[in-house]
Amino acid sequence: MCQCKCEEPKSNEALELEKVFAKYEGKKGALIPVLQAAQDIYGYLPAEVLKEISARLRIPVSKIYGVVTFYAQFHLNPRGRNIIRVCLGTACHVRGGAKIVEAVTKAVGIKDGETTEDLRYTFESVACLGACGLAPVMMVNDDTHGRLTPDKVAPLLEQYK
Amino acid sequence: MQLYRAHVLVCGGTGCVSSGSKKIQEAIVDELAKQNLDKEIKVVETGCHGFCEMGPIVIVYPEGTFYCQVQVDDIAEIVSEHLVKGRIVQRLLFKAPLTEEQVPSYKDIAFYRKQHRVALRNCGHIDPEHIQEYIARDGYEGLAKALTTMTPQQVIEEMKKSGLRGRGGGGFPTGLKWEFASKSPGPKKYIICNADEGDPGAFMDRSVLEGDPHSVLEGMLIGAYAIGADEGYIYVRAEYPLAIKRLKVAIAQAEELGLLGDNILGTGFSCRLHIKEGAGAFVCGEETALMASIEGSRGMPNPRPPFPAVKGLWEKPSNINNVETYANVPVIFLHGAEKFASMGTENSKGTKVFALTGKLRNTGLAEVPMGISLREIIFDIGGGIMEDKKFKAVQIGGPSGGCIPEEHLDTPVDYDSLIALGAMMGSGGLVVMDETSCMVDVARFFLNFTQKESCGKCTPCREGTKRMLEILQKICDGNGVPEDITTLETLGAVIKNTALCGLGQTAPNPVLATLRYFRHEYEAHINDKKCPAGVCTALLEYKIVAENCKGCGACARVCPVGAITGEKKEPHEIDTSKCIKCGSCIEKCKFNAIVKG
């Protein structure tokens, strides 16, 4: 930061976040929607952003940290451009979801919960995607892919740059 | 109004979308435009038909012809044969699994014949993004009747008479719940819809929200009028983006027509509804945890009493029901409580939507009258077991439920009979398992889920489920000792009696139910160190049956550790000390010469 008293020009992200604060100002139960919006803007929740949210919503950082770590949706570290979610719900479990997990690990070289170094993929397993009729299922970003077999996984993931 | 001679309905539910229905729809629109038929024939994107196995599904009205597994290449033929010449495209019709007979009409398919659709009445028949289509099927008439001809007290009486019980799991009588909330004093009350469908293996709420969002809004509005609420929330899982989008559209359209917002239908009754997106926590399906989450806190349950009806969201009296429950409400007011109560059994009225999944021929959603037997659901509607394997058990009620074996398949399904069998209705997930599913592994699977999702507030759930999971893991790894069974039973009973919320209290159910009906499988794992179903890797050994082996060498080539050896055209052998039990050889062998056990 420069030493003069002028304010640093705000980044695009910070300007976006400003709009979110304006939208939820004075509203009850705003914390989770604000965190969701902030994560949409930044891709994850950096510590600086959590401090900013704390100051603006007048909620202690400790409470915010508690909420962020409670819900599976929030992330404190950068995420890959493409999010791979392999379903391990009941229906997928009995139809061989675990084999799909192995195939993903083999294809992109990371385990459940990890992100590739080039930030191309993040891989996580989830409990149910609600497309049980097509088990085993995986989602890449917002696309659902059903009736998978291990050999379909690598060519499919290759399409997501 | 523009009139059309035919309608082509393309399923836009999540199941069919992932099978490629968007491209099908575009292709039909293009083809109709190309043949100048776009003024005569209308393409409608609908919600889920429930028969996801057969997707993408296309239905042509007025005939009601049901085409399944349609591909883009089939479109030109459907348009020029069926829509121009009136000849049904035989090869795309549904084939009955046993007789191979082609079934042209929707209504004649076994999957649909035994169903009775109430909550799903509009799913797959209307365009969920047009409120007019909902209204054309008597939508919002129940609301109008309640608001203009009944007092809130009469609405509650009607609900009590209908006998509707909560469809989210507990089965508490809805009318009674509304009465409690209405009797709580105070000017500010909330109506809440629990759409945090998290049970693995259940997706009926998703289908209702995606296929018929207005039925949920209408049900909530009738509830709000009955208890005196002027504001409400719909708490939806963030994993359901399409459901959230359709709800937003539905709310905007209902507000525009004066069916939602201030002074609804000119009656002076006002109610606003908001959508809250969940953030990924299974325990938020528990009502007190859900309300904590709406308030912006960690979604942890609170002890009851006070019940939400007395002190709920922001400490105000609140009523919370699940999606399927609300979707049933408009029907009760449209056709009367008696009509509704004439369906089902003595203590469980109406219908229930089940999600049929697992090793079944026909997977998908089926809505049936209460009191039907599990055998009818699995074998008549579900079409029996895949690959003609033997039925072993059906898991009902998700992680809170239990497994039911063959001998109890003829029990009529209702809330009370399932509890007597050690399972529960839960949200209605039915996962069918065959002889290749290991019941110890299934119990471990569910416990692993509840253990991960335990919020950690109360000790019995946080510590108890962890200990139970460790014991199950030990048994699956072949290190179980005979005392483990009694320890599991004791721990299970303690957790059931002492956990704070429904998640913890029901977490031991999958273990206790499998111990009740499949104790011999636990004993085989512990005493004989064998997994009878051939699932638990640590307890398996791979062997080559010499008389089936042709010596082709395919297995030896695929084996990653070089454990298979043998001369060409001579039976091969597996060195069990090297074998890592990956199963690649079994997949490669064309002669069924490799067995595990």
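Position numbers for residues count from 1 along each chain, tracking the sequence in the order it is written. Note on labels: chains are lettered from A, ligands numbered from 1, in written order. Reporting of local features is limited, given that this is a predicted model, to residues whose pLDDT is at least 70; pairs of side-chain atoms are given and counted only at 80 or more, and all residues count toward the totals for whole chains, interfaces and linings. Excluding hydrogens and water, the side-chain figures rest on all heavy atoms present in the structure.

Focus on the overall build of chain A
Phase 1 of the analysis: In terms of regular secondary structure, chain A is built from seven helices and four strands.
Phase 2 of the analysis: Under the scheme used here, helices are H or I runs from DSSP no shorter than 4 residues and strands are E runs no shorter than 2 residues, and both carry numbers assigned from the N terminus. Mapped from its N terminus to its C terminus, chain A presents α and β elements in the order α-α-α-α-β-α-α-β-β-β-α.
Phase 3 of the analysis: C-alpha extents for chain A along the principal axes are approximately 60 × 35 × 25 Å.
Phase 4 of the analysis: Categorising residues by exposure relies on relative accessible area from a 1.4 Å probe, with only protein chains included: less than 20% of the type maximum marks a residue as buried, more than 50% marks it as exposed, and the intermediate range marks it as partly exposed. Counting over 161 residues, chain A shows a buried share of 48%.
Phase 5 of the analysis: In this analysis, two residues are considered to be in contact whenever any of their non-hydrogen atoms come within 4.5 Å of each other. Of the contacts made within chain A by residues no fewer than 6 positions apart, 57% connect residues no fewer than 24 positions apart.
Phase 6 of the analysis: Here the Shrake-Rupley method, with its probe set to 1.4 Å, supplies the accessible areas, and only the displayed protein chains count as covering residues. Summed over all atoms, the accessible surface of chain A reaches about 8500 Å², with 52% contributed by carbon and sulfur.
Phase 7 of the analysis: Neither His nor the chain termini are counted; the positive set is Lys and Arg, and the negative set is Asp and Glu. To locate a charge, the coordinates of NZ of Lys, CZ of Arg, CG of Asp or CD of Glu are taken. Looking at chain A, you have 21 positive and 19 negative side-chain charges, and the mean spots of the two groups are 5 Å apart.

Comments concerning the packing of aromatic side chains
Phase 1 of the analysis: Stacked, edge-to-face and tilted are the three classes for Phe, Tyr and Trp ring pairs, Trp counted by its six-membered ring, which pair at centre distances within 6.5 Å; planes under 30 degrees apart are stacked, over 60 edge-to-face, the rest tilted. Applying the stated criterion across every chain yields a total of 17 aromatic pairs over all chains.
Phase 2 of the analysis: Plain terms: the ring middles of Tyr134(B) and Tyr140(B) are 5.3 Å apart, the flat faces sit at 85° to each other, and that makes the pair edge-to-face. As far as the burial class goes, Tyr134(B) and Tyr140(B) line up, both buried.
Phase 3 of the analysis: Each residue in the set Phe51(B), Phe66(B), Phe94(B), Phe111(B) and Tyr112(B) is aromatic and connected to the rest through ring pairs, giving one cluster.
Phase 4 of the analysis: Charge-over-ring contacts are defined here by two conditions on Lys NZ or Arg CZ: a distance within 6 Å of the ring centre and an angle within 35 degrees of the ring normal. Over the face of the ring belonging to Trp314(B) we find Lys28(A), whose NZ or CZ atom lies 4.3 Å from the ring centre.

Here we look at the sheet that holds strand β3 (residues 138-140) of chain A
Picture the strands of a sheet paired through backbone hydrogen bonds; they go either parallel or antiparallel.
Residues and elements named next belong to chain A.
Phase 1 of the analysis: The pairing criterion is simple: DSSP has to find at least two bridges between the two strands. Taken in spatial order, the four strands line up as β2-β1-β3-β4 in an open sheet, and their pairing is mixed. Of all strands in the sheet, those with a lone pairing partner are β2 (121-126) and β4 (143-145), marking the two edges. Taking the axes of each pair of neighbouring strands and ignoring which way they run, one obtains an average angle of 20° across the sheet.
Phase 2 of the analysis: Looking at chain direction, strand β1 (residues 82-87) and β2 are connected through six bridges and run parallel. Following the sheet pairing, asparagine 82 is matched in β2 by tyrosine 121.
Phase 3 of the analysis: Angular values range over 0 to 180 degrees, each being the angle between N-to-C directions of two axes fitted as lines to C-alpha atoms, with helices fitted over their stretch in contact. Helix α6 (residues 97-108) contacts β1, β2 and β3 of the sheet and is inclined by roughly 155° relative to β1.
Phase 4 of the analysis: Its contacts with the sheet put helix α7 (residues 150-158) on β1, β2, β3 and β4, and the angle it makes with β3 is roughly 15°.

So, the packing of helix α9 (residues 204-211) of chain B against helix α10 (residues 213-227) of chain B
Residues and elements named next belong to chain B.
Phase 1 of the analysis: It is at 5 Å that the axes of α9 and α10 come closest, and there the two elements cross at 95°. Judged on the interaxial angle alone, α10 and α9 are roughly perpendicular. Residues Val208, Leu209, Glu210 and Gly211 of α9 touch α10, and the partners they reach there are Pro213, Ser215 and Val216.
Phase 2 of the analysis: Residues are grouped as follows: Ala, Val, Leu, Ile, Met, Phe, Trp, Tyr, Cys and Pro are nonpolar; Asp, Glu, Lys and Arg are charged; all remaining types, including Gly, are polar. When its residues are assigned to classes, the contact of α9 with α10 shows four nonpolar, two polar and one charged. Throughout, the term roughly parallel applies to angles under 35 degrees, roughly antiparallel to angles over 145, roughly perpendicular to angles from 65 to 115, and oblique to all others.

Remarks on empty space enclosed by the protein
Residues and elements named next belong to chain B.
Phase 1 of the analysis: Here the term cavity refers to a set of points on a 1 Å grid, laid over the protein atoms alone, in which a 1.4 Å probe fits but cannot get out; the term pocket refers to an open set having protein on both sides within 12 Å along at least five of seven lines, with lining residues being those that place an atom within 4 Å of a point. Grid points are joined across faces, edges and corners, and a volume is the space filled by probe spheres set on the points. Per the counting criterion, the structure on display carries four cavities of 30 Å³ or more.
Phase 2 of the analysis: Lining the largest cavity are 14 residues, with Cys559, Cys579, Lys581, Cys582 and Cys585 positioned closest to its centre.
Phase 3 of the analysis: Looking at the lining of the largest cavity residue by residue, the class counts come to 11 nonpolar, two polar and one charged.

Some remarks on the confidence of the model for chain B
All names here are of chain B.
Phase 1 of the analysis: When pLDDT is averaged along chain B, the result is 92; 99% of the residues meet or exceed 70.
Phase 2 of the analysis: Across the chain, each position has a pLDDT score giving the predictor's confidence in that residue, from 0 to 100. Ranking the elements of chain B by mean pLDDT puts helix α1 (residues 14-18) last, at 82, and α10 first, at 98.
Phase 3 of the analysis: In the predicted assembly, ipTM is 0.84 and pTM is 0.89.

A word on the sheet that holds strand β11 (residues 351-358) of chain B
Residues and elements named next belong to chain B.
Phase 1 of the analysis: If you walk across this open sheet you meet the five strands as β12-β11-β15-β13-β14, and the pairing is mixed. Across the chains shown, the open sheet's two edge strands, defined by having one partner strand only, are β12 (364-369) and β14 (402-405). Adjacent strand axes in the sheet meet at a mean angle of 30°, parallel and antiparallel pairs treated alike.
Phase 2 of the analysis: Note that β11 and β12 share six bridges and pair antiparallel. Of the residues in β12, the one forming a bridge with leucine 356 is glycine 364.

Let's talk about the pairing of strand β7 (residues 190-195) of chain B
Residues and elements named next belong to chain B.
Phase 1 of the analysis: The buried count for β7 comes to six of six residues, which makes it a mostly enclosed element.
Phase 2 of the analysis: Side-chain alternation along β7 places Tyr190, Ile192 and Asn194 on one buried face and Ile191, Cys193 and Ala195 on a second face that is also buried.
Phase 3 of the analysis: Pairing between β7 and strand β10 (residues 318-322): five bridges, direction parallel. By the bridge assignment for β10, isoleucine 192 is matched with isoleucine 320.

A look at helix α15 (residues 374-381) of chain B
All names here are of chain B.
Phase 1 of the analysis: Within α15, burial applies to Leu374, Ile377, Ile378 and Ile381. All buried residues of α15 project into a common sector of 120° when viewed along the axis, lining one side.
Phase 2 of the analysis: Packed against the buried residues of α15 are α4 (110-113), β11, β12, β13 (391-396), β14 and β15 (429-434).
Phase 3 of the analysis: Within two residues after α15, glycine 383 carries a phi angle of roughly 75°, on the positive side. To obtain the arc, one takes the directions from the helix axis to the C-beta atoms.

Considerations on the interface of chain B and chain A
Phase 1 of the analysis: With 50 residues of chain B in contact, the opposing surface of chain A contributes 35 residues.
Phase 2 of the analysis: Regarding the contact of chain B and chain A, the summed buried area is about 3200 Å², with carbon and sulfur atoms giving 56% of it.
Phase 3 of the analysis: When two components associate, each loses some accessible surface as probed by a 1.4 Å sphere; the sum of these losses over both components is called the buried area. The three residues of chain B that bury the most area against chain A are Ala279(B), Arg298(B) and Phe445(B), which together make up 18% of that side's buried surface.
Phase 4 of the analysis: We define a salt bridge as a side-chain nitrogen of Lys or Arg found within 4 Å of a carboxyl oxygen belonging to Asp or Glu. In this assembly, chain B and chain A are joined by two salt bridges.
Phase 5 of the analysis: Pairs of N or O atoms are called polar contacts if they sit within 3.5 Å, as long as, within protein, a hydrogen donor faces a hydrogen acceptor (for residues adjacent in sequence, only side-chain-to-side-chain pairs). Across the contact surface, chain B and chain A share 15 residue pairs in polar contact (both at pLDDT 80 or more).
Phase 6 of the analysis: Of all the elements in the fold, those that place two or more residues in the side of chain B that touches chain A are α1, β9 (272-277), α12 (287-294), β11, β15 and α17 (439-453) of chain B.
Phase 7 of the analysis: Looking at the side of chain B that touches chain A element by element, the count peaks at four residues for α17(B).
Phase 8 of the analysis: A per-class count over the side of chain B that touches chain A returns 23 nonpolar, 16 polar and 11 charged.

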